[in-house]
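# Overview (structure and organization)
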Amino acid sequence: MTNDNEPEAAARSGLRVGLIGAGAWGTALANAIAGAGHEVVLWGRDPDAVAAIETSRENARHLPGVALHAAIHATSDLRALSDVAFALLVTPAQTARDVAAAAALTLPAGAPLILCAKGIERETGYFLSDVVAEARPGAPIGVLSGPSFAADVARGLPTAVTLAFREPGLAAKLAELISGPALRIYHGTDLRGVEIGGATKNVLAIACGAAIGRGLGESARAALIARGFAEILRFAQAYGGQPETLMGLSGLGDLVLTCGGPQSRNFAFGQRLGEGASPEEASGGKLAEGAHTAAVLVSLARARGIEMPIAEAVAALTDGRLTVEAAMDALMNRPLRAES
């Protein structure tokens, strides 16, 4: 077993991989990686929930009916990650700092860490790769993102996503290690572009859900996707992302999937807002990352002089400062101009 920055591709069946976060996405990725021939340590914060997963071989709370692969060991002890070749951090964006700091105490020095959360830290305005870099200075950091529902991945349905590291060789080797029969992973070096695509599409999905919930129709949804994507491109370029990245799986691909219907938690949240629910009622106790990201996204955009009217409308909606009708009126009454 190696803890170097470049895990040995030849040792597919001998690698021990850490999955930090036992929610739906973490469990789905654990199944996929175990299916690719690796031993997986699946860490969760709640000892009782983790014990139930290990005993029943099913994550009944988050992925009911999906059997856990035999090569997965569920635990609530971070020390079990002390000998992994690399790890994936699959916790909510706003908890990434604390969990990464705790994991840094036990992860092998130099072991690559792949971020799978999609958001921006609300308190600081930091991108998650920068947050984790503070917890593990000098260790390789990657971002995995793209159009993917946990239930599809867990059931072995065809899915393609993007993995980015600043080190191209490492991105290619880890993409090969994680890819399996149904999970295809493309690789690249535009870490910033990949994480911006994953964070911003959640905000746009809320707008699309609100439009559908209010009965505004498919034409309105299509317009929001197209104009929202233009906002994402402007933002990404201002913060160092490459346009080609945003045109790919982790940008446009993820945006289209997330804006497509209520299987997306962000879309479902927006849909309930459109139907008249308050932000608290619309959440239904489920995490919608876009609700946490909207305000900080708008703040970062304003800091660079970037116009993001749809994101601004979503921020006002999620903060309870604007109704769906007022938000749509404001968007439709913006001055006409050349499309760009």
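In this text, all values refer to a predicted model and were calculated from it rather than measured experimentally.

We now examine the packing of aromatic side chains. This model, assessed by the stated rule, comprises three aromatic pairs. Ring plane angle 70 degrees and centroid distance 6.5 Å describe the contact between Phe127 and Phe235, whose orientation is recorded as edge-to-face. With Phe127 in the loop between strand 5 (113-115) and helix 4 (128-135) and Phe235 in helix 8 (residues 218-238), this residue pair connects regions lying 108 residues apart in the sequence. Across this residue pair, the class does not change: Phe127 and Phe235 are buried. These aromatic residues form a ring-pair network of at least three members: Phe127, Phe235 and Tyr239.

What follows is about the side chain of Asn202. Along the polypeptide, Asn202 turns up in helix 7 (residues 191-213). For Asn202, a relative accessible area of 3% translates into the label buried. Of the polar contacts made by the side chain of Asn202, one reaches the backbone oxygen of Lys118; its length is 3.4 Å. When neighbours within four sequence positions are excluded, Asn202 is seen to be in contact with Lys118, Thr258, Asn266, Glu289 and Gly290.

A separate point is the UniProt feature "active site" (unreviewed entry) in the chain. Under the feature "active site" (unreviewed entry), the UniProt entry names Lys201. Tracing the backbone through its elements, the reader meets Lys201 in helix 7. Once you skip the residues sitting within four places of it in the chain, Lys201 turns out to touch Lys118, Ile232, Asp254, Leu255 and Thr258.

Applying the stated criterion across every chain, the model contains 15 salt bridges. Glu312 serves as the salt-bridge partner of Arg302, at 3.6 Å between the closest nitrogen and oxygen. Here Arg302, found in helix 13 (residues 289-303), pairs with Glu312, found in helix 14 (residues 309-318); they are 10 residues apart in sequence, far enough to count as distant. Within the structure, one salt-bridge network assembled from shared partners comprises Arg16, Glu39 and Asp83.

With six of seven residues buried, strand 7 (residues 159-165) lies mostly within the body of the structure. Here strand 6 (residues 141-145) pairs with strand 7 via four bridges, running antiparallel. Pairing of Gly142 across the sheet is with Phe165, part of strand 7. Bridge analysis of strand 7 against strand 8 (residues 183-188) gives six bridges, and the strand direction is parallel. Bridging from a neighbouring strand, Ala160 pairs with Arg184 of strand 8. The β-α-β motif built from strand 7, the intervening helix 6 (residues 168-178) and the parallel element strand 8 has right-handed crossover chirality.

You can see Arg45 is positioned in the loop between strand 2 (39-43) and helix 2 (47-56). On the basis of relative accessibility, which here comes to 59%, the residue Arg45 falls in the exposed class. Each C-alpha atom, one on Arg45 and one on Ala22, is 7.9 Å from the other, the two residues being 23 residues apart in sequence. Filtering out sequence-adjacent residues up to four positions away, Arg45 remains in contact with Ser76 and Val99.

What follows deals with the domain arrangement of the chain. Along its sequence, the chain is organised into domain 1 (16-189) and domain 2 (193-333). Once you take the C-alpha centre of each, domain 1 and domain 2 turn out to be 25 Å apart. Listed per partner, the contact involves 25 residues of domain 1 and 26 residues of domain 2. Buried area between domain 1 and domain 2, summed over both chains or domains, comes out near 2100 Å², and the portion from carbon and sulfur atoms is 66%. Notably, a salt bridge pairs Lys118 with Asp254, separated by 2.8 Å at the nearest N-O pair. Where domain 1 packs against domain 2, one counts five residue pairs in polar contact (both at pLDDT 80 or more). Of all elements in the fold, only helix 4, strand 6, helix 5 (150-154) and strand 7 reach the threshold of two or more residues within the side of domain 1 that touches domain 2. If one sorts the elements of the side of domain 1 that touches domain 2 by residue count, strand 7 sits on top with four residues. When the residues that make up the side of domain 1 that touches domain 2 are grouped by side-chain class, the tally is 13 nonpolar, eight polar and four charged.

It is worth spelling out the pairing of strand 1 (residues 16-20) at this point. Among the five residues in strand 1, five count as buried, and that is most of the element. Burial along strand 1 is two-sided: Arg16, Gly18 and Ile20 facing one way and Val17 and Leu19 facing the other are all buried. Bridge analysis of strand 1 against strand 2 gives five bridges, and the strand direction is parallel. Looking at strand 2, one finds that Arg16 is bridged to Glu39. Once the chain exits strand 1 it traverses helix 1 (residues 24-35) before rejoining the sheet at strand 2, and the crossover so formed is right-handed. Across four bridges, the pairing between strand 1 and strand 4 (residues 86-89) is parallel. Among the inter-strand pairings, Leu19 is bridged to a residue of strand 4, identified as Leu88.

Rules behind the numbers
- Residues numbered from 1 in each chain as written.
- Predicted model: local features only at pLDDT ≥ 70, side-chain atom pairs only at ≥ 80, totals over all residues.
- Heavy atoms only, no water.
- Phe/Tyr/Trp six-rings, centres within 6.5 Å; stacked < 30°, edge-to-face > 60°.
- Helix = DSSP H or I, 4+ residues; strand = E, 2+ residues; numbered from the N terminus.
- Buried < 20%, exposed > 50% of the residue type's maximum accessible area, 1.4 Å probe, protein only.
- Polar contact = N/O pair within 3.5 Å; in protein donor to acceptor, adjacent residues only side chain to side chain.
- Contact = heavy atoms within 4.5 Å.
- UniProt positions renumbered as here; feature names shortened; annotations may be inferred.
- Salt bridge = Lys/Arg side-chain N within 4 Å of Asp/Glu carboxyl O.
- Pairing = 2+ DSSP bridges.
- Right-handed = clockwise from strand over helix to strand, strands pointing away.
- Domains from an automatic or database assignment.
- Buried area = accessible area lost by both parts, 1.4 Å probe.
- Nonpolar A, V, L, I, M, F, W, Y, C, P; charged D, E, K, R; others polar.

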